[in-house]
Amino acid sequence: MLNTMDRRYYKTENYNTKTTKKLKTAYETFLSSVGEDIQRDGLLKTPERAAKAMQFLTQGYEIDAAEILKGAMFAEDHKNMVIVKDIELYSMCEHHMLPFFGKAHIAYIPNGHIVGLSKIPRVVDVFARRLQVQERLTDQILHCINDTLKPLGVAVVIEAKHMCMMMRGVQKQNSVTTTSAFVGAFQQLETRNEFINLLGAKLM
Ligand SMILES: [Zn+2]
């Protein structure tokens, strides 16, 4: 076996030591508060693990989504609808700090520039990895793409299931929340219908 440094590819994760410590203390309090024994075997490393997981899930606060797009914009004359659909999405509702998850479908019509396709899901992740409401998440993705790429139009549709509705509250397991936002050319019915038709049976 080669040492990590000698491998042709390896990935490392880095966490902020100060934040990890603060969150670890908070999770110890949390576990005791729900009646757990934080000294029992299975929980010994849980506060630190949870602290790291939460930093991963909220990393979006520190990332500039516009910069991600700017890093991969290419001059191109293409003026037809570009759609990236079924982008997996995992976020957390800001009211209960419980996950909501589903799919995002995004389209834009270029106006002189296209963007590397993998950057669109990355923009979704930047805004999803914060405490969110689905409505604001939809708008933030839309405005980021619109303001940075300055296309002829942008459409964003998000379909998601909310754990705060499934596990608690009304306990509805099968309801799906759909939000959408449109700017520019997508405000015209014909363009919007073309987009919706192309998504077609893909809706959850
Ligand atoms: Zn909620």
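Residues numbered from 1 in each chain as written. Predicted model: local features only at pLDDT ≥ 70, side-chain atom pairs only at ≥ 80, totals over all residues. Heavy atoms only, no water.

Draft legend 1. Spatial organisation of the coordination of the zinc ion. Protein-derived coordination of the zinc ion comes from Cys93 (SG), His96 (ND1) and Cys164 (SG), at a distance range of 2.2 to 2.3 Å. Motif for the zinc ion, donor spacing along one chain: C-x2-H-x67-C. Taken together, the residues His96 in the loop between β2 (82-93) and β3 (99-109) and Cys164 in helix α6 (residues 163-166) connect sequence positions 68 residues apart. With a relative accessible area of 11%, Cys164 lands in the buried category. (Donors = N, O, S within 2.8 Å, 3.2 Å for Na, K, Ca; no water. Helix = DSSP H or I, 4+ residues; strand = E, 2+ residues; numbered from the N terminus. Buried < 20%, exposed > 50% of the residue type's maximum accessible area, 1.4 Å probe, protein only.)

Draft legend 2. Up close: helix α7 (residues 189-199). Residues Thr191, Phe195 and Leu199 constitute the buried set of α7. The buried residues of α7 occupy an angular sector of 80° when the element is viewed end-on, so they sit on one face. Of the residues in α7, the exposed ones pointing more than 90 degrees away from the buried face are Leu189, Glu190 and Asn197. Taken together, the buried residues of α7 touch β2, β3, β6 (153-162) and β7 (177-184). Directly after α7, the chain includes Gly200, whose backbone phi takes a positive value near 40°. (Arc of directions from axis to C-beta. Contact = heavy atoms within 4.5 Å.)

Draft legend 3. Here's a closer look at the sheet that holds β2. What the 5 strands build is an open sheet, ordered β5-β2-β3-β6-β7; its pairing is mixed. The open sheet terminates on both sides in strands that have one partner only, identified here as β5 (131-132) and β7. Relative to β3, β2 runs antiparallel, the two being bridged by 9 bridges. Among the inter-strand pairings, Ile83 is bridged to a residue of β3, identified as Ala107. On top of the sheet, helix α4 (residues 119-128) reaches β2, β3 and β5; it is set at about 20° to β2, its chief contact. (Pairing = 2+ DSSP bridges. Axes fitted to C-alpha atoms, helices over the stretch in contact; angles between N-to-C directions.)

Draft legend 4. A look at unusual backbone geometry. With phi around 55°, Met97 is a residue other than glycine that occupies positive phi space. Summarising the element assignment, Met97 is placed in the loop between β2 and β3. A relative accessible area of 47% places Met97 in the partly exposed class. We note that Lys150 has phi near 45°; this positive angle belongs to a residue other than glycine. With respect to the helices, strands and loops of the structure, Lys150 is situated in the loop between α5 (134-149) and β6.

Draft legend 5. Here's a closer look at the environment of Phe186. Along the polypeptide, Phe186 turns up in the loop between β7 and α7. With residues up to four places along the chain from it excluded, the contact list for Phe186 reads Met81, Ala107, Tyr108, Ile109, Gly153, Val154, Ala155, Thr191, Arg192 and Phe195.

Draft legend 6. Region of interest: the nonpolar core. Counting residues in hydrophobic clusters, the biggest one holds 32 residues, and the most contacted among them are Leu89, Ile106, Leu137, Ile141 and Ile158. Taken together, the elements giving at least two residues each to this core come down to α3 (65-70), β2, β3, α4, α5, β6 and β7. Ignoring sequence-local partners within four residues, the contact set of Leu137 consists of Leu89, Phe100, Val124, Phe127, Ala128, Gln132 and Ile158. With 10 residues, the next largest nonpolar core counts Met81, Ile109, Phe182 and Leu199 among its residues. (Core = buried A, V, L, I, M, F, W, Y, C linked by side-chain atoms within 4.5 Å.)

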